[in-house]
Amino acid sequence: MAEFVVVTTTVDNREAAERLSRQLVERRLAACCQRIGPIVSTYWWKGELETAEEWLLVLKTRAECFEPLAKAIRELHSYETPEIVATPIIDGSPDYLGWIRSETALPLSDA
């Protein structure tokens, strides 16, 4: 298993993107969160084809932080079924990966 992952999620507006990214980084569940948007998503939802403007959040973290990060996203998110996708980082700059390691922490209840 990879030691580090990139986690993506989307939200419905800029304010939600700012709030969620700040809360996740403040909790040290991610070392960094990039906000990209607005973007346009087209998707199926409850049998209907939908198109919506969203903001993409790209979070860098340790793989062992994924479950607490996913739990926090579900708790803080306004969507019924938020996107929570982790992609392994298979290689990277040792300095950057070390920075991710040093800036993330498991919550005390999960440590």
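Overview of the structure. All values reported here derive from a predicted model rather than from experimental measurement.

## Some remarks on the packing of helix α1 (residues 14–26) against helix α2 (residues 66–76)
It is at 11 Å that the axes of α1 and α2 come closest, and there the two elements cross at 145°. Remark: the crossing between α1 and α2 carries right-handed chirality. Counting all contacts with α1, which are made through L20, Q23 and L24, the residues of α2 involved are L69, A72, I73 and L76.

## Observations regarding the side chain of H77
If you trace the backbone, H77 turns up in the loop between α2 and β4 (85–89). Within the local environment of H77, its side chain forms a polar contact with the backbone oxygen of T10, the two atoms lying 2.7 Å apart. Beyond its immediate sequence surroundings of up to four residues, H77 is in contact with T9, T10, V11, L20 and P82.

## Re the nonpolar core
The tendency in soluble globular proteins is for nonpolar side chains to be buried side by side. V7, V11, L24, L57, L59, L69 and I73 are the most contacted members of the largest nonpolar core, which totals 19 residues. At the level of secondary structure, the elements contributing two or more residues to this core comprise β1 (4–11), α1, β3 (48–62) and α2. Counting residues per element, this core draws most heavily on α2, which supplies 5 residues. Setting aside its immediate chain neighbours within four residues, L69 contacts V7, L24, L29 and T61. Counting residues in each nonpolar core, the second largest holds 5 residues, with F4, I89, L97 and I100 among its members.

Thresholds, definitions, all that
Residues numbered from 1 in each chain as written. Predicted model: local features only at pLDDT ≥ 70, side-chain atom pairs only at ≥ 80, totals over all residues. Heavy atoms only, no water. Axes fitted to C-alpha atoms, helices over the stretch in contact; angles between N-to-C directions. Helix = DSSP H or I, 4+ residues; strand = E, 2+ residues; numbered from the N terminus. Left-handed = near helix turned anticlockwise from the far one by under 90°. Contact = heavy atoms within 4.5 Å. Polar contact = N/O pair within 3.5 Å; in protein donor to acceptor, adjacent residues only side chain to side chain. Core = buried A, V, L, I, M, F, W, Y, C linked by side-chain atoms within 4.5 Å. Buried < 20%, exposed > 50% of the residue type's maximum accessible area, 1.4 Å probe, protein only.

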